[in-house]
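# Per-entry structural report
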Amino acid sequence: MTLLERLDSGNVLVSDGATGTYLQSHGLEPGGCPEEFNATQPATVRKMAAEYFEAGSDMVLTNSFGGTKFMLEKYGNGDRVEEFNTMAAQHVNAVAPASGIVAGSVGPTGEFVAPLGDVSKSEMKDAFTEQVIALEKGGADAIVIETMTAIEEAVLAVRSAKDNTKLPVIATMTFDKGPRGLFTMMGITPKEAVIQLENEGADVVGSNCGNGIDVMLEVAREMREAASGYTIIHSNAGIPVIRKGQIVYPEDPDYMASRFHRMVKMGINIVGGCCGTTPRHIKYICREVKN
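Calculation rules
Residues numbered from 1 in each chain as written. Predicted model: local features only at pLDDT ≥ 70, side-chain atom pairs only at ≥ 80, totals over all residues. Heavy atoms only, no water. Pairing = 2+ DSSP bridges. Helix = DSSP H or I, 4+ residues; strand = E, 2+ residues; numbered from the N terminus. Contact = heavy atoms within 4.5 Å. Axes fitted to C-alpha atoms, helices over the stretch in contact; angles between N-to-C directions. Salt bridge = Lys/Arg side-chain N within 4 Å of Asp/Glu carboxyl O. Buried < 20%, exposed > 50% of the residue type's maximum accessible area, 1.4 Å probe, protein only. Arc of directions from axis to C-beta.

## Thoughts on the sheet that holds strand 3 (residues 101-106)
Strand order in the open sheet made by the 8 strands is 1-12-9-8-5-4-3-2, with parallel pairing throughout. Since the sheet does not close on itself, it has two edges, and those belong to strand 1 (13-14) and strand 2 (59-61), each with one partner. Set on the sheet, helix 7 (residues 121-137) makes contact with strand 3 and strand 4 (142-148); between it and strand 3 the angle comes to about 160 degrees.

Written out as structure tokens, the structure is:
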């Protein structure tokens, strides 16, 4: 069954956990290019995907978050977009069970659309198009556009995926909680995000990163109330703190799993982790929400 067929049948799906923090704990140096691991450390990338599937994930994201030419150019890899993204999808495919969903991760370009920035809409759309075509070529079953803060960029990414692939599209934005409520860094509310992303054809909308699970419960509630279709939440394991010189994400698997249970009860269709979440977190989440 496809992603959308499983959602149509009423299944709640569990996604995976963190990619960046996993790779950092397995040899990725500070300031290194995570996507380059697809070529230089394929066994590590495959091991990460396999651990998430073994923990119970129905869907695992590819190691391609910074896979547009704009991001890869910062590491001197601007000419390796197709290579890295195709490999990223192939690695997850290589270890996925028959029912496993390979989700092509597409993150922000790090650029702003003109006139706020120097990149035109067509240039940004072309960059996303190059990436999503490579992810589909590598065997991705869906595209996950994530960690967006500017609605213009998110919309261009959704259009690129809808216009150039046959894959279902998931789109998530990142919100901060302030005195006036929940907004992205660029001032978009959860309700505004849902409406615009659904209008552009996103099959699943939601939020990821930026917050611990308690704030994400608030984000989930607002997005579920505004959404007419399917929703997804990928939460950090809390806000990172420094302990004994190490970055630590404080929310343990039990704490997160119990709150994901509440999200499922409010109607969130896909749940999973973001920064700081581990295969152990996913195992607990599966045990909680699938029961």
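What follows continues from the structure just given.
## Here's the deal with the pattern of salt bridges
Pairing between side chains of opposite charge can happen when their charged atoms approach one another. As enumerated under the stated definition, the model contains 11 salt bridges in all. With its nearest N and O atoms 2.4 Å apart, the salt bridge here joins E51 to K47. One end of the pair, E51, and the other, K47, are both in helix 4 (residues 42-55), 4 residues apart, so they sit about a helical turn from each other. As a salt-bridge pair, K74 and E111 come within 3.9 Å of each other at their nearest N and O atoms. Here E111 lies in the loop between strand 3 and helix 7 and K74 lies in the loop between helix 5 (69-72) and helix 6 (81-95), a separation of 37 residues in the sequence.

## Description of helix 12 (residues 279-289)
Working note: α-helix, 3.6 residues per turn, so residues spaced by three or four point in the same direction. Looking at helix 12, one finds that the buried residues are P279, H281, I282, Y284, I285, C286 and V289. Close packing links the buried residues of helix 12 with strand 1, helix 4, helix 11 (253-266) and strand 12 (270-273).

## Thoughts on helix 9 (residues 190-199)
Taken together, the buried positions of helix 9 are P190, A193, V194, L197 and E198. All buried residues of helix 9 fall inside an arc of 115 degrees around its axis, so they share one side. Those residues of helix 9 that are exposed and aimed more than 90 degrees away from the buried face are K191 and N199. Looking at the packing, one finds that the buried side of helix 9 touches helix 8 (151-164), strand 5 (169-173), strand 7 (181-183), strand 8 (204-208) and helix 10 (213-226). Positioned one or two residues after helix 9, G201 has a phi angle of 105 degrees, which is positive.

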